[in-house]
Each structure stands twice: as C-alpha cells, then as structure tokens.
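Coordinate inspection notes
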Amino acid sequence: MQASWSRAEARRAIKALRDGVPPELSVSRALTVGQDRLLGDMESELNSAVRGGFGVRIIVGNPGAGKSHLLKHIRSLAIARNCLISYSSQDLSSGITLNRPDLVYKEIVKRLGSSDAEEPVELLGDVLSRWSAKALPVIRYKKPTTGLIYPLAEQGLVPPVEQVPRRTRLALVGYVLSRQAAKPDEARIMIGVFQGMKLENREVIAAAMRGGLEKAYSGFTPSNYDDAYWFGQLASFCHIARTGGFGGLVVLLDELESLVDLVRSDSRNKAYRVLQSLFFNKYKSAGMLMVFAFTPAFLTGLEEDVAAGGNEFSEKWRELLQTRSVEIPPLRNVDVISLIGRLASLHGSAFGWDPASAIVSRQAALVDRWRRTGKSVRDLVKAAIHLLDDLGPES
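The present account deals with the structure reproduced in this document. Computed from a predicted model, the values in this text were never measured in an experiment.

Across its full length, the protein chain carries 17 helices and six strands. Taking 2.2 N^0.38 as the reference for a compact globule, 395 residues should give roughly 21 Å; the C-alpha atoms of the protein chain span a radius of gyration of 24 Å, in line with that estimate. Projected onto its principal axes, the C-alpha positions of the protein chain cover 80 × 50 × 35 Å. For the protein chain, the proportion of its 395 residues judged to be buried stands at 52%. Contacts spanning at least 24 positions in sequence make up 77% of the contacts within the protein chain whose residues lie at least 6 apart.

So, in structure tokens, the structure goes:
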C-alpha cells in the first residue's frame, strides 16, 4: 500500500473516483484488493506471452464490478515485463466495433503504450526503427524487390512469409529500403500503413519505389472488413516488436457487450466471426495476450442470437468460456474494510488530514448499507469518498 502520494496525485485520484473512473496506475495498483488469485493467473498468462506464446483471457463482471480497474492493473503487470500495451473499448457511437476490423485495428495501434504514462506515446515509428536496424544488414547488397521478405523471414525478423499479409510485406520492405536510402518521407508512408491510414496500394507501391524498390505487386487494397489483413498485420507487428526488444503485445478490449447492441444481425454475426478468429488465434500471433472484458449482458445477447437462428459459435465458445473466462469475485468483508482504509489514506494525502479514527467508527454502517442495497464496488468507492468528504477538513 502506497502511503506517500503527492497531494496533487492524490487529489486527481479522488476526483476520478468521485466520477466512477479508475485513477492513475500508481493509485489503481494500491487500491486493488481481493484479486490475488485472478492477478496471479494473469501473471502466468503474461509470462507465457513473453516466452512467445499466445493467450486469451475473458473477464466477466457486472457494471461497476471493477473490470476497467482490473484491466489497468493488468496493464501495470505488462509494463513490468516490457510489453507493449493497448487498451480500448468497443464503442457503438464511433463505430469502433469488431464488425469493422479496420477501426478496431486503428484504435489498438493508436493507443499503444509502453510505460505508466496515461496517454500512450506513438510507438509505431520507434518499433519499426528498432526493427530496421536489425533488418538492414540482412537485405544489404540484395536485389531490392519484395522478395527481400524471404531472407528477413529466414533470420526470424518477420513471421513465416505466408502469415504476413501481402501489403504488410510491401510496407516492411519499403520501410527498410527507405531508411537505407535516407528517404524519411517515404518511410513515413510505410509507417502510415501500420497506422491504418487510408492509402491505396498504388500509393504505397509508388512510395516504396521512390525509396529504392525496383518493382512490386500487392493486389487489391484491403477493405475495411478484411479482418485477415488487419489482424494479420497486427500479428506481424507484434513479431517485429519482439525482435526490437519488447517483451510482447498485450491487447485489452473492454465493453464487448456493445456488440449485441448492433442493430443488424449480419453486423453482429460479422463481429462474432472476427471475435472467434481472435479467440482461436486464426492469425497465428505469437508473443501476444488478448484480454476481453464484458458484462453478463453480452452472454445473454449471444445466447438469444443463437436461439433465434443458430450459428457456428455456440459450442466452441461455450468450451472457451468454461476454460478461459473468469468472473470478478465479490469482495469479502475483510477486502471491503481494507479498501475503505486505503481510500481513507488516499483522502488524507489529498487534503492533509488523518481520517483513520473518524472512518473506523462509521465504516461498519457504510458496509452494511452497501451490502443491503446490492450496489457495485464502484458505488461503494463513491459512497466512501462522499463520507470522507463529509468528515474531512474541507467539509
């Protein structure tokens, strides 16, 4: 338990908690209680990913049970292993749902981070730069065609060629040639491919040729719905990140229950198909852990879709959910008391007072009221903060 937050850090955290939002990572870690077994399981999954494995974990919890808080804690565990991390939510209002693989991919790479910073820095250029330092000696003095991808694969610098989407091959070869020729504008276009920018293949080929490529063919420009391209490229990116010294890639996808709110059944089924591909690693990702979070409403909606028309997901998903999902457990009384004590310490740091004696005489009533109403952990935290506000020096 951290007891030495700065006043500014503690006040930011209290403001976030009043609003029902997980605070900064350093505070979020200190406020995590009653999740030792679940977090131990996540540590095992992360260790497996760092060794080159692929893992899926599914976190199920009612609204306010602490899913987002838990995902933040998982992020801190990934940071400790030098992994790249991306946290994003399915969002109907902006169309970022799995029936649009292009938008989900863009959101994942847009939110890449590798430190405790709340706003992830742009890492694509850094990852590609690290990778190209190892790739340049391999391709030097060889004929500058897209066939350069083969010696790169032989050296383990890219996945097996058949697993790398054709356009991704072009972008990787174009990037390393542009770096060799000191053509930064062309290299940036190749980075744009990994960012998911709307670039026609002819534009990418033209830029690669200006960077030194002799000739290339890359077929049709991938569509917005081409999940094999978008997530195949993500798997390739994970591979090159690991060759550049990162431990792996951890993708945290929250609020999957949004999928069952898609109005059209064909949109939902498209999203389900993409989700199944991710669940069962169709894209042959290595060094990656994917963590999905949703409420029981997602499972209810999925069951209704299956009952209405049947689909190919039912049996496979049932088995997966039995073996790879975990429901956030209810807090025991000892955990609740511990959480309230930690919130009190945080509040004391924020407002310069010692709340220990004031809160002890009132926490039993607070816990009893919370238990009787059946509200969420988020509501308990907000109620505890409200009580501390009333007791504190600024009341």
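Additional details are given in the paragraphs that follow.
Taking 1.5 Å of rise per residue, the 15 residues of helix α3 (residues 36–50) would be expected to cover 21 Å, and the 21 Å separating its terminal C-alpha atoms lies within 8% of that figure. Buried within α3 we find Leu 38, Leu 39, Met 42, Glu 45, Leu 46 and Ala 49. Buried positions in α3, seen along its axis, are confined to an arc of 115° and lie on one side of it. Every exposed residue of α3 that faces more than 90 degrees away from the buried side is listed here: Asp 36 and Arg 37. Residue Gly 52 follows α3 closely and has a positive phi angle near 105°.

Turning to the environment of Glu 107, a few remarks are in order. Considering the arrangement of structural elements, one finds Glu 107 in helix α5 (residues 101–110). Residue Glu 107 is classed as buried on the basis of its relative accessible area of 11%. Along the primary structure Glu 107 and Tyr 225 are separated by 118 residues, whereas in three dimensions their C-alpha atoms are 15 Å apart. With residues near it in sequence (within four places) discarded, Glu 107 still touches Ser 86, Ser 88 and Ile 96.

Below, the discussion takes up the sheet that holds strand β1 (residues 54–60). An order of β3-β2-β4-β5-β1-β6 is seen for the six strands of this open sheet, with the pairing classed as mixed. The open sheet is flanked by β3 (112–113) and β6 (325–327), the only strands paired with a single partner. In this structure, strand β4 (residues 249–254) lies alongside strand β5 (residues 288–294), joined through five bridges in parallel fashion. Looking at β5, one finds that Leu 252 is bridged to Val 291. With respect to the sheet, helix α12 (residues 265–279) is in contact with β1 and β5, its orientation differing from that of β1 by roughly 125°.

In this section: the packing of helix α1 (residues 7–18) against helix α15 (residues 333–351). Each pair of packed helices can be summarised by the angle the axes make with each other and by the distance between the axes. Their axes nearest at 7 Å, the elements α1 and α15 cross at an angle of 125°. With respect to α15, the element α1 is oriented oblique. When the axes of α1 and α15 are compared, the crossing they make is left-handed. Mapping the contact onto sequence places Arg 7, Ala 10, Arg 11, Ala 13, Ile 14, Leu 17 and Arg 18 in α1 and Leu 343, Leu 346, His 347, Ser 349, Ala 350 and Phe 351 in α15. Grouping the constituent residues of the contact of α1 with α15 by class yields eight nonpolar, two polar and three charged.

Another point: the side chain of Ser 277. Within the secondary structure layout, Ser 277 lies in helix α12. The contacts of Ser 277, once residues within four sequence positions are left out, are Asp 227, Lys 282 and Tyr 283.

So, on to the nonpolar core. In this structure, Leu 84, Leu 98, Trp 131, Leu 152, Phe 231, Leu 275 and Phe 292 are the most contacted members of the largest nonpolar core, which totals 74 residues. Listed in part, the 30 residues of the second largest apolar core include Val 27, Leu 346, Ile 359 and Leu 388.

Reading the values: rules and limits
- All residue numbers refer to position in the chain's written sequence, counted from 1.
- In keeping with the model being predicted, local features are shown solely for residues with a pLDDT of at least 70 and side-chain atom pairs are shown and tallied solely at 80 or more, while totals for entire chains, interfaces and linings include all residues.
- The side-chain quantities take in all heavy atoms of the structure and omit both hydrogens and water.
- The secondary structure listing takes helices from DSSP runs of H or I that are at least 4 residues long and strands from runs of E that are at least 2 residues long, numbered from the N terminus.
- Radius of gyration means the value over C-alpha atoms here, while the globule rule gives 2.2 Å times the residue count to the 0.38 power.
- For every residue, the accessible area obtained with a 1.4 Å probe (protein chains only) is divided by the maximum for its type, and the residue is called buried under 20%, exposed over 50%, and partly exposed between those limits.
- It only takes one pair of heavy atoms within 4.5 Å for two residues to be counted as in contact.
- Helix span is expected to be 1.5 Å times the residue number reduced by one.
- When we speak of the arc, we mean the arc of directions from the helix axis to the C-beta atoms.
- Strands are treated as partners if at least two bridges between them are detected by DSSP.
- With axes taken as lines fitted to C-alpha atoms, and helix axes fitted only over the stretch in contact, angles between N-to-C directions fall between 0 and 180 degrees.
- Angle categories: roughly parallel below 35 degrees, roughly antiparallel above 145, roughly perpendicular from 65 to 115, and oblique for all the rest.
- By the definition used in this description, the sense in which the near helix is turned from the far one sets the handedness, with an anticlockwise turn below a right angle giving left-handed and a clockwise turn giving right-handed.
- Under this grouping Gly is polar, as are all residues other than the nonpolar Ala, Val, Leu, Ile, Met, Phe, Trp, Tyr, Cys and Pro and the charged Asp, Glu, Lys and Arg.
- By nonpolar core we mean a set of buried residues, namely Ala, Val, Leu, Ile, Met, Phe, Trp, Tyr and Cys, connected to one another through side-chain atoms within 4.5 Å.

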